[in-house]
Amino acid sequence: MWKIRHCVKVGQMVKDVSVFFKTTSHQQGTPFSAAENGRLQFYKVNPNYGLLSLLKFHNDLNSKAVDALVPHNNTLMSHNDNNPTHNNTILACWEKHPWQTGGFRHAFRGGTYGNPEGLVFKQFRDDKGLLQNGPVSFTQLKDSMAREVISQKIASYYANCWSKYSFNPVEIVEPLLACPLNEKGEETAAWATEELIQGEYKKWIHNSGGILTRGDVGDKLAGAFAHFTWSYSGGDHLVCDLQGACQEVASFFGKSFYKLTLTDPVVATGGSTGYGADFGQRAIDKFFTEHICNEWCAHFDKPQQQAHPQQQHAQQAHHMPNQFQQQQQGHVHQVPLALQESLD
């Protein structure tokens, strides 16, 4: 489908990438042009690490988060037999100007030979002083990105647990760390990357715990999922900063079912003042002050003293269904037995 040579020499790489992207843009109708290209080394969370192991990296800021990652080169990145992989690195292209900009990062659309238009690369904004030529070293930058990848992976564990018991599944796109290489094969930067989410993109819950939108199905499902993560973790965590797309996936006898696909969630840690995008207990308190329970989460435990005013008249005791029952005895930064048994 694509005519491209294997890249044996780094010097030939740029020319081959240019041919690759121009070809795929012409055939696929790519809505942007790539002015940047090169080889990337991808990393993923070590599949041998369960939730408890990842939480150690998440909670200990002195740990080296990169130690939880391993090189990644799967079919998502290179499914074609002619993919020009070399020394476990992957040929990639990305647009020159940001597609979207958040509070701390720019998002650039791009792709690889096996996935020419389906990826997003996220880089820290230089005006926030987070790039390697700023006040932090490349090692620190890479570790910061690795910590965000770990946080997103932790959130995906809760999404998997929710989806086991709900007809309205929640999926968090797989996070990866991407490091572009120079001509000497040295890593020069650290980006987060993931598959591009399809559908109408919205943000429902802020990383501070505040509710940003109300009234649509995505708002109700996102709020219920966030509530679930706090209740299921025994109050240790709240997965917030929920953004992505909500799409109807099925309809039976007039009842619709939906799927929530999320990116860049934040795991707020109960009993903590938080760090970075994690507002800790403050985010949890704010969420339950503004959150209005719906049919998907009304039966979950909640801190009644922080209930939204519309819920002050509700019953004082709410219990989770049998499949979620667990011992909740105030273990700070620990995972309930229900999660330990299924994830580690």
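These numbers come from a predicted model, not from an experiment.

A.B. asks: Would you mind showing me how to read the overall build of the protein here?
C.D. replies: Counting secondary structure elements, the protein contains six helices and 14 strands. Split into buried and exposed, the 344 residues of the protein put 51% on the buried side. Here the analysis covers contacts within the protein between residues at least 6 apart in sequence; of these, 62% occur between residues at least 24 apart. Accessible surface, the protein as shown: approximately 16,300 Å² in total, 49% of it carbon and sulfur.

A.B. asks: What is the right way to read unusual backbone geometry from this model?
C.D. replies: Excluding glycine, most residues fall at negative phi; most peptide bonds, likewise, are trans. Residue D241 is not a glycine yet carries a positive backbone phi of 55°. Mapping D241 onto the fold places it in the loop between β11 (237–240) and β12 (243–252). Exposure remark for D241: the relative accessible area of 9% places this residue in the buried category. In the Ramachandran plot, F253 falls in the positive-phi region, its phi being about 50° despite a non-glycine side chain. Secondary-structure assignment places F253 in the loop between β12 and β13 (255–263).

A.B. asks: Explain the packing of helix α3 (residues 138–165) against helix α4 (residues 217–232) to me, please; I cannot follow it from the model alone.
C.D. replies: The angle between the axes and the distance between the axes are what describe a pair of packed helices. At their nearest, the axes of α3 and α4 sit 10 Å apart, and the two run at 105° to each other. The pairing of α3 with α4 is recorded here as roughly perpendicular in orientation. Residues A155, Y158, A159, C161 and W162 of α3 touch α4, and the partners they reach there are L221, A224, F225, F228, T229 and Y232. Residues belonging to the contact of α3 with α4 are distributed by class as follows: ten nonpolar, one polar and no charged.

A.B. asks: For this particular structure, what's the right way to read helix α2 (residues 51–59)?
C.D. replies: A turn of α-helix holds 3.6 residues, and therefore any two residues three or four places apart point the same way. Residues L51, L54, L55, F57 and H58 constitute the buried set of α2. Taken end-on, α2 shows its buried residues confined to a sector of 160°, consistent with a single buried face.

A.B. asks: What is the right way to look at the environment of M145 in this model?
C.D. replies: Relative to the helices and strands, M145 resides in helix α3. A sequence separation of 23 residues divides M145 from K122, and the C-alpha atoms of the two residues are 9.7 Å apart. If we skip the residues at most four places from it in the chain, M145 touches R105, K122, Q123, F124, L177, A190, W191 and A192.

A.B. asks: How should the sheet that holds strand β10 (residues 202–203) be read in this particular structure?
C.D. replies: Note: strands within a sheet are paired through backbone hydrogen bonds, in either parallel or antiparallel orientation. Here we have four strands laid out as an open sheet, ordered β7-β13-β12-β10, and mixed in their pairing. The open sheet is flanked by β7 (170–172) and β10, the only strands paired with a single partner. Judged from the two bridges that link them, β10 and β12 form a sheet pairing that is antiparallel. Its bridge partner lying in β12, K202 is registered against G244. Relative to the sheet, α4 contacts β7, β12 and β13, its axis offset from that of β13 by approximately 65°.

A.B. asks: What exactly am I supposed to notice about the packing of α2 against α3 here?
C.D. replies: Contact geometry for α2 and α3: axes closest at 10 Å, N-to-C directions at 145°. Considering the relative orientation of α2 and α3, their crossing is left-handed. Judged by residue contacts, L51, L54, L55, F57 and H58 of α2 engage R147, I150, S151, K153, I154 and Y157 from α3.

A.B. asks: Which parts of the structure should I look at to understand the pairing of strand β9 (residues 191–195)?
C.D. replies: Every regular strand shows the same layout, with side chains that alternate between the two sheet faces. Most of β9 is tucked away, with four of its five residues classed as buried. Where strand β6 (residues 119–124) meets β9, four bridges bridge the pair, whose relative direction is antiparallel. Residue pairing for β9: L119 is matched across the bridge by E195. Sheet analysis places strand β8 (residues 176–180) next to β9, joined by three bridges and oriented antiparallel. From the neighbouring strand, L176 faces β9, where its bridge partner is T193.

The rules behind these values
- Throughout, residues of each chain are indexed from 1 in the direction in which the sequence is written.
- Since the coordinates come from a predicted model, pLDDT governs what is reported: local features require at least 70, and pairs of side-chain atoms require 80 or more to be given and counted, while whole-chain, interface and lining totals use all residues.
- Side-chain numbers come from the whole structure's heavy atoms, not from hydrogens or water.
- Counting from the N terminus, the helices are the DSSP runs of H or I reaching at least four residues and the strands are the DSSP runs of E reaching at least two.
- For the exposure calls, accessible area comes from a 1.4 Å probe over protein chains only, and a residue counts as buried if that area is under 20% of its type's maximum, exposed if over 50%, partly exposed in between.
- Here a residue-residue contact requires only that any non-hydrogen atoms of the pair lie within 4.5 Å.
- Shrake-Rupley sampling with a 1.4 Å probe provides the accessible areas, and residues are treated as covered by the protein chains on show and by no other component.
- Fitted lines through C-alpha atoms serve as axes, helices being fitted only where they are in contact, and the angles separating the N-to-C directions of these axes extend from 0 to 180 degrees.
- Geometric relationships in this document are graded by angle, where less than 35 degrees denotes roughly parallel, more than 145 denotes roughly antiparallel, 65 to 115 denotes roughly perpendicular, and other angles denote oblique.
- Side-chain classes are defined by residue name, with Ala, Val, Leu, Ile, Met, Phe, Trp, Tyr, Cys and Pro counting as nonpolar, Asp, Glu, Lys and Arg as charged, and the others, Gly among them, as polar.
- In this description, one arc is meant: the one made by directions from the helix axis to the C-beta atoms.
- Following DSSP output, two strands are said to pair if at least two bridges run between them.
- If you view the pair so one helix is near and one far, a crossing is left-handed when the near helix is turned anticlockwise from the far one by less than a right angle, and right-handed when it is turned clockwise.

Nothing here speaks to function; it is geometry throughout.
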